[in-house]
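Below, each chain spelled out in residue letters.
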Amino acid sequence: LASFAERSLATFDRARAMDFWLGLAALALLFLATWRWYGLAAGLALGLALASNPYYLDTVAVVGAEVIFIPLVALTLLVLARGMQRPAWLPFSFALIGVSFLAKSNGVFLIAPALLAWAARGRNFWRERAFWLALAAFLVVASPLLIRNVRLAGDPLYNPNTRLLWIDEYEVSRTEEFRQQGASLAGYMRTHTIADMAERLVQGTGQQIELLARVMGAPLTSPIVGYAVLALALIGFVAVGPPAERLLFGLTFVGFVLFFGWMTPVWYLPHYTLPIVPTAYLVAFLTIGHIGGWGAARLKLKRLQHPTWPHPVAIGVLVFVTIALASALGSALVRLEIPPAQESPEVAALREWVISHMMDSDRYIIGPEREFRFEWYTDMPGKRYSVPAMSNFAELQAYMDAYGINWLVVTPRQYARRQAVFEDWIVYHEPDKFMYARPIPGWEMVDYDRLGDSVDYLIYRRDPDAPQRPVYLRETSEHVFRLGQPPAYTADVNFGDAIALRGFDIASREVRPGQEVELILHWQRLGRMNIGYTAFVHLLDEAKSRVWGQQDKPPRAGAYPTHQWLLDEVVSDHYRFTVPPDTPAGTYKVEVGWYDLATGRRLTVQPGPGVPAGDRYLLPVTVSVLEN
């Protein structure tokens, strides 16, 4: 329907309402079909299992194909099962496969199980009229998408995600090389052995089974129940029901699990295998009934072996539950109001900014994640790009140069997905979000989110003459990026391009033996660190041959290790140690530095004005030890 839509919140609201009612209608049809062909108990059990499954509800509660696709696949399989027994149903069932294919390209997965199940009925299946009518029904219904795919890509079953089959992780699809060349089976086999491929399939299938168990046990919040339901479904695929139906349901289940098992390194989300959950539930419930009948036969309970009419009490309970459910559903529908879609203040502010500042000739980056989805419901100026998978900002700069991109919008989810690109320039920290930004050469931060208590986006404009100054977006009592008050002594000492000493304060420069030397050192993170370093403060005699007092400790007594510091964050720490009683009177020096406690290796001091190279720094003050 996109051809008839317009980019507006009103159209978006209509799409949400349409999805809701179509999804509800599909679920009602699924319930009625199950009731008609498998009994009321099976229909109620399946309907309640889906209606109480949080994975199903979360998946269908968005504007997307799944709200229609999931119940449609289940309904198609039920009709196909009828078609295996009554060939007159087969064309209608293949028409439903076509509708499933129109809803989502994964609907094509139903063709192979349907054909195999139909072929299992007899050797000359292709001679039956119903078979050719079924194929014709699929082609007619699916023709709009088939024709479109041929015109677009020369392949009637074209799916842009097919290229993702031959990569090992989703981020590869965000690289420029993938965008230009794609991926193929031949290329994948050049870099992977058969053993590698088998291992990927086995591991992925195991993860999909684990995920399915969580999904199927979700109504009772128990994966153990989910595994039990899965086990019952697998038993049913083998032993319960007509052979063609078992083959149809079983092959569809196995096909989805194996395909998305292979795709697990790239896609690992529950909604991909949710289309097979309704029939898995149904087969599990039928298996329970079959086991119950078998048990009744073993116990010679004739009434339970061949029940012709339920007990009056059971009838009463069933009628009561049905009336209660119908009343609750009717009341909910009468009172149902789908609230209109609304922009968050941050999204509205960014949308208005883009519209008022950018022109149609501009090119800008926002993404790959789209927490700001305003382009769905409003026409935006300029051309939008997203950040490919890269390892640093220099690569992004080259990409923006190549495509003439002159605006860069940075958002939280984008930062999370591309942290390696931005972490040397921008500080993001929950719950405060964007807090600080270093100057980026050739780019000027022209605006940022000024609403609320957190900063949700940053806007950069290409400018070769941009002033090179940091931007302090948000500072808290826990995290600061500049000294509040100048220290008594300033310094600029670089320890291994990881930590800098920006200054220090000393309580007293004269002490007596037995008294304490107290300092505050003001450190600042310079670069990436994955080690929690330990600071040392030593009191040395004039010959620098003996330590007469010291304190070695990680920052804030280990409460805030260096690898957790934010970019350019200033951390002030107190140091205190006692001058031994036998310390002779005289003038002493104080050395400071950092080392790795695990190896004892010190960070080297980078030479600079008034700062010699070495593995320590002597503070430019002396401490006088007086006689007692």
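None of the values given here were measured: they were computed from a predicted structure.

## Examining the sheet that holds strand S4 (residues 426-429)
Spatial strand order, S4-S5-S8: 3 strands in an open sheet with antiparallel pairing. Each having just a single partner strand, S4 and strand S8 (471-472) make up the two edges of the open sheet. Sheet analysis places strand S5 (residues 433-437) next to S8, joined by 2 bridges and oriented antiparallel. Note that in S8 the partner of Tyr-436 across the bridge is Tyr-472.

## Side note on the sheet that holds strand S1 (residues 363-365)
Hydrogen bonds along the backbone pair up the strands of a sheet, which may run parallel or antiparallel. Strands sit in the order S2-S1-S3-S7-S6 across an open sheet of 5 strands; the sheet is mixed. Pairing within the sheet leaves two strands with one partner each, and these edge strands are strand S2 (383-385) and strand S6 (443-448). Within this sheet the neighbouring strands show an average axis-to-axis angle of 25°, counted without direction. As judged from the 3 bridges shared by S1 and S2, these two strands associate in the parallel manner. Looking at S2, one finds that Ile-365 is bridged to Tyr-385. On top of the sheet, helix H17 (residues 393-403) reaches S1, S2, strand S3 (407-410), S6 and strand S7 (458-462); it is set at about 160° to S1, its chief contact.

## Description of the packing of aromatic side chains
Tallying each qualifying case throughout the model produces 35 aromatic pairs. When the centroid spacing of 5.4 Å and the interplanar angle of 85° are considered together, the rings of Trp-37 and Trp-89 count as edge-to-face. Remark: Trp-89 occurs in the loop between helix H4 (66-85) and helix H5 (90-103) and Trp-37 occurs in helix H1 (residues 9-38); sequence separation between them is 52 residues. The exposure class assigned to Trp-37 is partly exposed, which follows from its relative accessible area of 21%. Accessibility expressed as a relative area gives 29% for Trp-89, which makes it partly exposed. Pairing Tyr-415 with Phe-434 gives two aromatic rings, centres 6.2 Å apart and planes at 85°, and the pair type is edge-to-face. With a gap of 19 residues between them, Tyr-415 in helix H18 (residues 412-417) and Phe-434 in strand S5 connect regions that are remote in the sequence. Residue class for Tyr-415 comes out buried when judged on its relative accessible area of 6%. By relative accessible area, which is 0% here, Phe-434 ends up buried. We note Arg-450 situated over the ring of Tyr-448; from NZ or CZ to the ring centre the distance is 4.2 Å.

## Some details on the pattern of salt bridges
Going through the model one piece at a time under the given rule, you end up with 21 salt bridges. The shortest N-O distance in the salt bridge between Glu-66 and Lys-104 comes to 2.3 Å. Of this pair, Glu-66 sits in helix H4 while Lys-104 sits in the loop between H5 and helix H6 (111-119), and the two are 38 residues apart along the sequence. Looking at Glu-66, the relative accessible area reads 11%, which means it is buried. Overlapping salt bridges, with partners in common, bring together Glu-171, Arg-417 and Arg-418 in one network.

## Some remarks on helix H10 (residues 194-216)
Think of an α-helix as 3.6 residues a turn; residues three or four steps apart then line up on the same face. With 23 residues, H10 ought to run about 33 Å at 1.5 Å a step, and its terminal C-alpha atoms sit 32 Å apart, in line with that. Considered for burial, the residues of H10 that qualify are Met-197, Arg-200, Gly-204, Thr-205, Gln-208, Leu-211, Leu-212, Ala-213, Val-215 and Met-216.

## Concerning H5
Over its 14 residues, H5 extends 20 Å from the first C-alpha to the last, a length consistent with the 20 Å expected when each residue adds 1.5 Å. Of all 14 residues in H5, 10 are buried; the element is thus mostly enclosed. Looking only at H5, the buried set comprises Leu-90, Pro-91, Ser-93, Phe-94, Ala-95, Leu-96, Ile-97, Gly-98, Ser-100 and Phe-101. Tucked inside the fold, the buried residues of H5 contact H4, H6 and helix H7 (129-153).

## What about the confidence of the model for the protein?
Model confidence for the protein is summarised by a mean pLDDT of 86, while 89% of its residues fall at 70 or above. Below a pLDDT of 50 lies the segment residues 300-311, which in the model reaches 11 contacts outside its immediate sequence neighbourhood of four places, other chains included.

## Looking at the pairing of S6
Burial of S6 is extensive: 5 of the 6 residues sit out of reach of the surface. With 5 bridges joining them, S6 and S7 adopt antiparallel strand pairing. What sits directly across from Met-445, in S7, is Tyr-460.

## Observations concerning the packing of H10 against helix H12 (residues 243-262)
Across the interface, H10 lies against H12 with an axial gap of 7 Å and an inter-helix angle of 120°. Comparing the axis directions of H10 and H12 gives the class oblique. H12 is crossed by H10, and the crossing has right-handed handedness. For the pair H10 and H12, contact is made by Met-197, Arg-200, Leu-201, Gly-204, Thr-205, Gln-208, Ile-209 and Leu-212 and by Phe-253, Val-257, Leu-258, Phe-260, Gly-261 and Trp-262, respectively. Grouping the constituent residues of the contact of H10 with H12 by class yields 9 nonpolar, 4 polar and 1 charged.

## Observations concerning the packing of H4 against H6
Following both chains from N to C, one finds H4 and H6 inclined at 20°, their axes separated by 10 Å at the closest point. For the element pair H4 / H6, the angle class is roughly parallel. Helix-helix and strand crossings are classified by hand; for H4 and H6 the assignment is right-handed. From H4, Leu-80, Gly-83 and Met-84 reach across to H6, where they touch Ala-114, Ala-117 and Trp-118.

Parameters at a glance
- Residues numbered from 1 in each chain as written.
- Predicted model: local features only at pLDDT ≥ 70, side-chain atom pairs only at ≥ 80, totals over all residues.
- Heavy atoms only, no water.
- Pairing = 2+ DSSP bridges.
- Helix = DSSP H or I, 4+ residues; strand = E, 2+ residues; numbered from the N terminus.
- Axes fitted to C-alpha atoms, helices over the stretch in contact; angles between N-to-C directions.
- Contact = heavy atoms within 4.5 Å.
- Phe/Tyr/Trp six-rings, centres within 6.5 Å; stacked < 30°, edge-to-face > 60°.
- Buried < 20%, exposed > 50% of the residue type's maximum accessible area, 1.4 Å probe, protein only.
- Lys NZ or Arg CZ within 6 Å of the ring centre and 35° of its normal.
- Salt bridge = Lys/Arg side-chain N within 4 Å of Asp/Glu carboxyl O.
- Expected span 1.5 Å × (residues − 1).
- pLDDT = per-residue confidence, 0-100.
- Parallel < 35°, antiparallel > 145°, perpendicular 65-115°, else oblique.
- Left-handed = near helix turned anticlockwise from the far one by under 90°.
- Nonpolar A, V, L, I, M, F, W, Y, C, P; charged D, E, K, R; others polar.

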